[in-house]
Each structure stands twice: as structure tokens, then as C-alpha cells.
Amino acid sequence: MPQLSMHSPIGDLTLTEEDGAIVALDWGWGRDQDETPLLRQTCDRLDAYFDGAADDFADLPLAPYGTPYRQAVWQALRAIPLGETRTYRDLALQVGGSPRSIGQANGANPIPILIPCHRVVSTQGLGGYSGDGGLADKIYLLELERAPIPALADAHA
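Here the structure is a predicted model, which is why all the values come from computation and not from measurement.

*Asks:* Lay out the overall build of the chain in plain terms, naming residues and giving numbers.
*Replies:* Helix and strand counts for the chain come out as five helices and five strands. In the chain, the succession of helices and strands from N to C terminus is β-β-β-α-α-β-α-α-β-α. Computed over its C-alpha atoms, the radius of gyration of the chain comes to 15 Å, within 12% of the 15 Å expected for a compact globule of 157 residues. Projected onto the principal axes, the alpha-carbon positions of the chain cover approximately 40 × 30 × 25 Å. Looking at the 157 residues of the chain, the share that counts as buried comes to 46%. The long-range fraction of contacts in the chain, counting pairs at least 24 apart against all pairs at least 6 apart in sequence, stands at 59%. Working note: accessible area of the chain is about 7400 Å², and carbon and sulfur atoms make up 51% of it. The average position of the 11 basic charges and that of the 21 acidic charges among the side chains of the chain differ by 8 Å.

*Asks:* Could you give an account of the side chain of Asp137, naming the residues involved and the relevant values?
*Replies:* With respect to the helices and strands, Asp137 occurs in helix α5 (residues 135–144). Buried charge Asp137 goes without a salt bridge, the closest partner of opposite sign being Lys138 at 12 Å. With residues up to four places along the chain from it excluded, the contact list for Asp137 reads Ile10, Trp27, Tyr129, Gly131 and Asp132.

*Asks:* Residue-level account of α5, with values.
*Replies:* Among the residues of α5, Asp137, Lys138, Leu141, Leu142 and Leu144 are the ones counted as buried. Projection of α5 onto a plane perpendicular to its axis shows the buried side chains occupying an angular sector of 160°, all on one side. Exposed residues lying more than 90 degrees from the buried face of α5 are Ala136 and Glu143. Packed against the buried residues of α5 are β3 (21–27), α1 (37–50), α3 (88–95) and β5 (120–121). Arg146 sits one or two positions beyond α5 and adopts a positive phi of about 55°.

*Asks:* Outline the pairing of strand β2 (residues 13–18), supporting the account with residue identities and numerical values.
*Replies:* The element β2 is extensively covered by neighbouring structure, given that five of its six residues are classed as buried. Here strand β1 (residues 3–6) pairs with β2 via four bridges, running antiparallel. Its bridge partner being in β2, Met6 is matched across the sheet by Leu13. Following β1, the chain reverses through six residues before pairing antiparallel with β2; Gly11 in that reversal takes a positive phi of roughly 110°. Where β2 lies against β3, six bridges are found, and the strand directions are antiparallel. Along β3, the bridge assignment pairs Thr16 with Ala24.

Conventions and cut-offs
- Residues numbered from 1 in each chain as written.
- Predicted model: local features only at pLDDT ≥ 70, side-chain atom pairs only at ≥ 80, totals over all residues.
- Heavy atoms only, no water.
- Helix = DSSP H or I, 4+ residues; strand = E, 2+ residues; numbered from the N terminus.
- Rg over C-alpha atoms; globule rule 2.2 N^0.38 Å.
- Buried < 20%, exposed > 50% of the residue type's maximum accessible area, 1.4 Å probe, protein only.
- Contact = heavy atoms within 4.5 Å.
- Areas by Shrake-Rupley, 256 points an atom, 1.4 Å probe, with all protein chains shown as cover.
- Lys, Arg positive; Asp, Glu negative; His and termini not counted.
- Charge placed at Lys NZ, Arg CZ, Asp CG, Glu CD.
- Salt bridge = Lys/Arg side-chain N within 4 Å of Asp/Glu carboxyl O.
- Arc of directions from axis to C-beta.
- Pairing = 2+ DSSP bridges.

Here it is, written out as C-alpha cells:
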């Protein structure tokens, strides 16, 4: 699978493509670098995003691997508008399941940022984030998008 890495304000990121779709975004520099038009375009758009350009990445072809439930959660995440947040509870009411199962699906999201799990917060505070920098990355991304940032409190709700 082709991979392309990039530097970002929250650390090095590596994108992976399979069959014409992005299947992963990982923290760290990938061992193999194999640029494709889609990977180059996505890296360029991420660079612009980190420079402050508004981009919801909605038109990018994404194909995350996951259970049907996780797929439904990730689809709901992609519908959260740039600059807005939803709670784990909001998504549980929308998709089904519990706030905890929404959090578990978020934690398993293989394409963070492009599938914006950082836009999901707890009813009691910020919630968690599985990025390499943890909550600092989540706060950075929310600030970049000018989204409301709840007070730091409990890590899950």
C-alpha cells in the first residue's frame, strides 16, 4: 500500500492509500514513501488546513476498515461541521449504542483528522483523544477550527 509522510504542527503524519482511497492516517514517519496523486493532494490539503484554511475533507475518498457499527459512527463524525463539536451522548442518540461505545469507535478511528473524532467531546469536559499528543493535539485541532472547547474535566462521558 502506498504511503506518504508529512510534517505537521502536531507531529509527523503518515497517510496510507489502498484502491484509490485513504485507509489510514498514523502518527510518525512511515518507513516506505510512495507518492500517489491522492496522497500528494491529501498532504497538500492537510498542510493548508494546518495553515488555517477551512477544509472539511468531505470530498476525499476514505475507506476505513471497521465493523458496521464503527463505520456508522465514523460516517456521523464526518457530518459534524468544521468549527462545531458534538458530545459522545449526542452521537450515541444519533447512531445508537452508548457514549462509551462512541468513545471506543473514536479511539479505533484509523483516519483521525480527516474523520474528525477530535470534534467529539464529553458532556463533562473535553473527553479523550488517541492522537500521539493526546489531549494537547485535540485542543490544538479544535482551536485551529475555532470550535468551542469545553472545560477540562472527566476524560469520558
